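Structural description and commentary
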Amino acid sequence: MSALKRVKEANEYAKRLLAQHPDAADAYIAPGIANYIIGSQSAGIRFTLWFGGIHGDKKLGMEQLAKTAENGCYLRPFAKIMLALAARREKQNALAQKLLRGLTEQYPDNELFASEYAKASGMPLQAAPAR
């Protein structure tokens with residue numbers, strides 16, 4: 001099964017879930033990722049995808065990811081990671097810093113979050129301690 005077919009399928013499941021349970025914030029992650037990634041493609045690729053019924057919007061994708069990052073139950077940390085990456089890519093450094101700082105505080109043993117927070121904050125990276 002192609003990746004695009006899976007994206008459409010995931011979006012349909014999310015729509016069905018949200019129609020019955022509008023407060024299911026975790027369901028926004030699938031359309032959020034899809035909207036952001038597809039909306040980030042070149043105009044030619046987006047035009048080609050449009051004929052297949054696949055649409056994307058970067059801003060909407062980030063808004064949907066934010067819903068899961070703020071109110072999600074199971075996928076909140078993953079949504080924060082995805083939203084932080086999108087924010088870094090979109091030069092929204094304050095948002096990226098806020099999300100990465102929160103992830104660093106929540107998961108202090110995860111060196112990757114601390115490293116990404118340092119990059120987003122413009123701080124020099126610290127050498128990892130020898131083990």
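For the structure itself, consult the block above.
Residues numbered from 1 in each chain as written. Predicted model: local features only at pLDDT ≥ 70, side-chain atom pairs only at ≥ 80, totals over all residues. Heavy atoms only, no water.

1. Section: the overall build of the protein chain
Put simply, the rule is: Per the convention used, a helix needs a DSSP run of H or I reaching at least four residues, while a strand needs a run of E reaching at least two, with both numbered from the N terminus. Only protein chains enter the accessibility calculation, which uses a 1.4 Å probe; a residue is then buried when its area is under 20% of its type maximum, exposed when over 50%, and partly exposed in between. Any two residues having at least one pair of non-hydrogen atoms within 4.5 Å are treated as being in contact. Areas reported as accessible are Shrake-Rupley estimates using a 1.4 Å probe. Residue values count occlusion only from the protein chains shown. Positive: Lys, Arg. Negative: Asp, Glu. His and the chain ends are not part of the count. In plain terms, the charge of a residue is placed at NZ if it is Lys, CZ if Arg, CG if Asp and CD if Glu.
Within the protein chain, the regular secondary structure consists of seven helices and zero strands. A principal-axis box enclosing the C-alpha atoms of the protein chain has dimensions of 50 × 35 × 30 Å. Across the 131 residues that make up the protein chain, the buried fraction comes to 33%. For the protein chain, contacts bridging at least 24 residues in sequence account for 44% of all contacts bridging at least 6. Within the structure as shown, the protein chain displays about 8700 Å² of accessible surface, and the carbon and sulfur contribution to it stands at 57%. Put simply, the protein chain has 18 plus and 12 minus side-chain charges, and the middle of one group is 5 Å from the middle of the other.

2. Comments concerning the side chain of N35
Here N35 shows up in helix α2 (residues 29-39). We classify N35 as buried; its relative accessible area is 12%. Setting aside residues up to four positions removed in sequence, N35 forms contacts with H55, G56, D57, K58, L60, G61 and Q64.

3. Things to note about the nonpolar core
Threshold: Residues enter a nonpolar core if they are buried and are Ala, Val, Leu, Ile, Met, Phe, Trp, Tyr or Cys, with the set joined through side-chain atoms within 4.5 Å.
In terms of nonpolar packing, the biggest core is built from 18 residues, with I29, M62, L65, L83 and L100 touching the most fellow members. Listed by contribution, the elements that provide at least two residues to this core are α2, α4 (58-71), α5 (76-89), α6 (93-106) and α7 (111-121). With five residues, α5 is the largest single contributor of residues to this core.

4. Observations concerning the pattern of salt bridges
The test is simple: One speaks of a salt bridge when a side-chain nitrogen belonging to Lys or Arg is within 4 Å of a carboxyl oxygen belonging to Asp or Glu.
This structure, assessed with the given rule, holds five salt bridges. Among the salt bridges present, the one from E63 reaches K59, with a minimum N-O distance of 4.0 Å. Here E63 and its partner K59 are both found in helix α4, four residues apart, which amounts to about one turn of the helix. With relative accessibility at 41%, the residue E63 sits in the partly exposed group. For the salt bridge of K119 with E116, the shortest nitrogen-to-oxygen distance reads 3.1 Å. Here E116 and K119 lie together in helix α7, a separation of three residues that amounts to about one turn. The exposure class assigned to K119 is partly exposed, which follows from its relative accessible area of 42%.

5. Here we look at α2
Within an α-helix, residues lying three or four positions from one another point in the same direction, as the helix has 3.6 residues per turn. Burial runs high along α2: nine of the 11 residues are buried. Restricting attention to buried positions, one finds in α2 the residues I29, P31, G32, I33, A34, N35, Y36, I38 and G39. In this structure, the buried side of α2 is in contact with α1 (3-20), α3 (43-51), α4 and α5.

6. Here we look at a nonpolar patch on the surface
Our working definition: Like charges within 9 Å and nonpolar side chains (Val, Leu, Ile, Met, Phe, Trp, Tyr) within 5 Å are joined into patches, using only residues over 30% in relative accessible area that form no salt bridge.
A cluster of nonpolar side chains, namely F47, W50 and F51, defines an oily patch on the protein surface of about 400 Å² accessible area. Its location among the elements puts W50 in helix α3.

7. Observations regarding α6
Spelled out, the test is: Under the convention used throughout, the expected extent of a helix is 1.5 Å for every residue step, that is, one less than its residue count. Working definition: the arc comes from the directions between the helix axis and the C-beta atoms, pointing outward to the latter.
Taking 1.5 Å per residue as the helical rise, α6 with its 14 residues ought to reach 20 Å, and the 20 Å between its terminal C-alpha atoms agrees with that figure. Of the residues making up α6, those classed as buried are A96, L99, L100, L103 and T104. The buried residues of α6 occupy one face: seen down the axis, they fall within an arc of 135°. What points out from α6, more than 90 degrees from its buried face, is the exposed set A94, K98 and E105. Summarising the contacts, the buried residues of α6 are in contact with α5 and α7.

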